[in-house]
Amino acid sequence: MARARLSAAQARRVAFAAQGFGVQGLGAHGLGASPPAVGTRQLSGVVATLGLLQLDTVNVFERSHYLPPLARLGAYDRGLLDRLVAHDRRPRVLGRTTELWAHEAAIVPVDDVPLLRFRADRFRARQADQFAAQATLMAELRAIVADRGPSTVGEIEHPSNVRGPGGWWDRGDVYHAIHAMFRAGELVVLGRQRFERVYDLAERALPERLRHVVPQEEATVELVRRAAVALGVATVDDLRDYHRLAYLADARRAIDALVDAGELLPVTVDGWGVPAYLHAAQRIPRRIDATALLSPFDPIVWHRPRALRMFDFHYRISIYTPAHEREHGYYVLPVVVGDEVVGRIDLKSDRQAGVLRVQHAHVEPAFAERSRALAERIAPRIHEAAAWQGLESVAIAGPGSWAADLAAALEPRVG
């Protein structure tokens, strides 16, 4: 098959379109567009487009899984997403979503449970020593959940359910046993209460149609297919990373099968230097005019080698970097304008003061000459994010190469 060629700009536009930017009426993030009404249907559409919402506990601005819909849809009622994923209420039965190890810990459609269950078997085999050492404890925990029904770890009454002396991270034997049972598929997550997982026995919670296991080879082909749809154009490494497939050889075999079936088209992307694959159904937009603040765990940037290759964007979130070594702040959000990642800002929701604080703001060096114009483009999104958080104003509270221009762009609406 002759290889097609894409320019770097075409590849970026393909990636944004595949991820739900600038298409399907998501005009809130295009220049001069009016925000559409955002309801459950649109939020479900984002989950379907991405295939998953990665979870993270950091709440300095907002928890990560809320941010991909904000980037694609604009401001929305977070309560609608909570209801969709059964958060902040008391789930008693399995709904439309659950949590599994997909990319990392992620919200996924409940219908994907059989597709990802082969990982549970692999996890149990890998952690055989833990299951042997904690067999008695796990049996006791299984009996407790069977008796009391859906439970958080904190609700389980057991002598071993105590934290160790190491603080928040030292969660104790019960937490680690429950977590292992979840990873092994014995427990399923019904949702979350105050961001704690609510677990139930898989044998009770899962309907019969979701109790089978898709064989690993078949599941790998389907996961690569889904990654190709979600990414639009991708390398082997990108396709493997989307669902964190363990074995490169398995990913390559799946790609070969999809190429043979005509679902993936081998392409050359200018500047990438490695083979790539275009999903056969993916159009190449003439223009993408997005403006967005991205979660550090948004699929557009979560695979750091892809972000570097596609956007020349060397990205680290910095929450695990010692404070004196941080270059761009603590909770660093990539900034999209058009079809480029043009900068990064460190946001903090100061809920007590009612202020969204821009603690660092940096424009990428390649866009320094357009700094003021880009600041004016993204300023409405920053104000939108503040209002979405219920905050009254925005304040530039720290340094950075973009700070002065952002302050000027934000100033007319501050307060």
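Please read all numbers here as calculations on a predicted model, not as lab measurements. (Residues numbered from 1 in each chain as written. Predicted model: local features only at pLDDT ≥ 70, side-chain atom pairs only at ≥ 80, totals over all residues. Heavy atoms only, no water.)

*Asks:* Would you mind going over the overall build of the chain with me for this structure?
*Replies:* Helices and strands together make up the secondary structure of the chain, namely 15 helices and 14 strands. Here the C-alpha atoms of the chain give a radius of gyration of 22 Å, agreeing with the 22 Å that 2.2 N^0.38 yields for 415 residues. Dimensions of the chain, computed from C-alpha atoms along their principal axes, come out at roughly 65 × 60 × 40 Å. Considering only contacts in the chain between residues 6 or more positions apart, those separated by 24 or more positions represent 67%. Working note: accessible area of the chain is about 18,000 Å², and carbon and sulfur atoms make up 50% of it. Here the chain carries 52 positive and 49 negative side-chain charges, and the mean point of each set is 2 Å from the other. (Helix = DSSP H or I, 4+ residues; strand = E, 2+ residues; numbered from the N terminus. Rg over C-alpha atoms; globule rule 2.2 N^0.38 Å. Contact = heavy atoms within 4.5 Å. Areas by Shrake-Rupley, 256 points an atom, 1.4 Å probe, with all protein chains shown as cover. Lys, Arg positive; Asp, Glu negative; His and termini not counted. Charge placed at Lys NZ, Arg CZ, Asp CG, Glu CD.)

*Asks:* Explain the nonpolar core here, please?
*Replies:* Across soluble globular proteins, you tend to see nonpolar side chains buried next to one another. Counting residues in each nonpolar core, the largest one holds 117 residues, and the members touching the most others are Val233, Leu239, Ile345, Ile382 and Trp402. The biggest single contributor to this core is helix α14 (residues 371–388), with eight residues. (Core = buried A, V, L, I, M, F, W, Y, C linked by side-chain atoms within 4.5 Å. Buried < 20%, exposed > 50% of the residue type's maximum accessible area, 1.4 Å probe, protein only.)

*Asks:* I would appreciate a short explanation of the sheet that holds strand β8 (residues 264–269) in the present structure.
*Replies:* To summarise the sheet geometry, strands pair through backbone hydrogen bonds and adopt either a parallel or an antiparallel arrangement. Taken together, four strands build an open sheet; the order of strands is β1-β8-β9-β7 and the sheet is mixed. Only two strands of the sheet have a single neighbouring strand rather than two, namely β1 (4–6) and β7 (233–234). The pairing of β7 with strand β9 (residues 276–279) spans two bridges and is antiparallel. Opposite alanine 234, over in β9, you have tyrosine 277 as the bridge partner. Running at roughly 85 degrees to β1, helix α1 (residues 8–18) makes contact with β1, β7, β8 and β9 of the sheet. (Pairing = 2+ DSSP bridges. Axes fitted to C-alpha atoms, helices over the stretch in contact; angles between N-to-C directions.)

*Asks:* Could you clarify how one ought to interpret the environment of alanine 143 in this entry?
*Replies:* Structurally, alanine 143 is set in helix α7 (residues 135–148). Through-space distance from the C-alpha of alanine 143 to that of leucine 201 is 9.7 Å; in sequence the pair is 58 residues apart.

*Asks:* For this particular structure, what's the right way to read the packing of helix α5 (residues 113–126) against helix α10 (residues 216–231)?
*Replies:* Relative to each other, α5 and α10 sit at 125 degrees, their axes nearing to 8 Å. The orientation of α5 relative to α10 falls into the category oblique. Crossing angle aside, the handedness with which α5 passes α10 is left-handed. Counting all contacts with α5, which are made through Leu115, Leu116, Phe118 and Arg122, the residues of α10 involved are Gln216, Ala219, Glu222, Leu223 and Arg226. Of the residues assigned to the contact of α5 with α10, the class counts are five nonpolar, one polar and three charged. (Parallel < 35°, antiparallel > 145°, perpendicular 65-115°, else oblique. Left-handed = near helix turned anticlockwise from the far one by under 90°. Nonpolar A, V, L, I, M, F, W, Y, C, P; charged D, E, K, R; others polar.)

*Asks:* What is the right way to look at the pairing of strand β6 (residues 196–201) in this model?
*Replies:* For a regular strand, the rule is simple: side chains alternate between the two faces of the sheet. Most of β6 is tucked away, with five of its six residues classed as buried. In terms of strand pairing, strand β5 (residues 187–193) meets β6 through six bridges, oriented antiparallel. Bridging across to β6, valine 188 finds its partner in aspartate 200. Linking β5 to β6, which pair antiparallel, is a turn of two residues; within it arginine 194 sits at a positive phi near 50 degrees.

*Asks:* What is the right way to look at the sheet that holds strand β4 (residues 105–109) in this model?
*Replies:* Taking strand neighbours across the sheet as the criterion, the three strands line up as β2-β4-β3 in an open arrangement whose pairing is antiparallel. On the outer flanks of this sheet lie β2 (53–54) and β3 (97–101), each paired with one strand and no other. Summarising the sheet, β3 and β4 pair through five bridges and their orientation is antiparallel. Paired with leucine 100 across the two strands is alanine 106, which belongs to β4.

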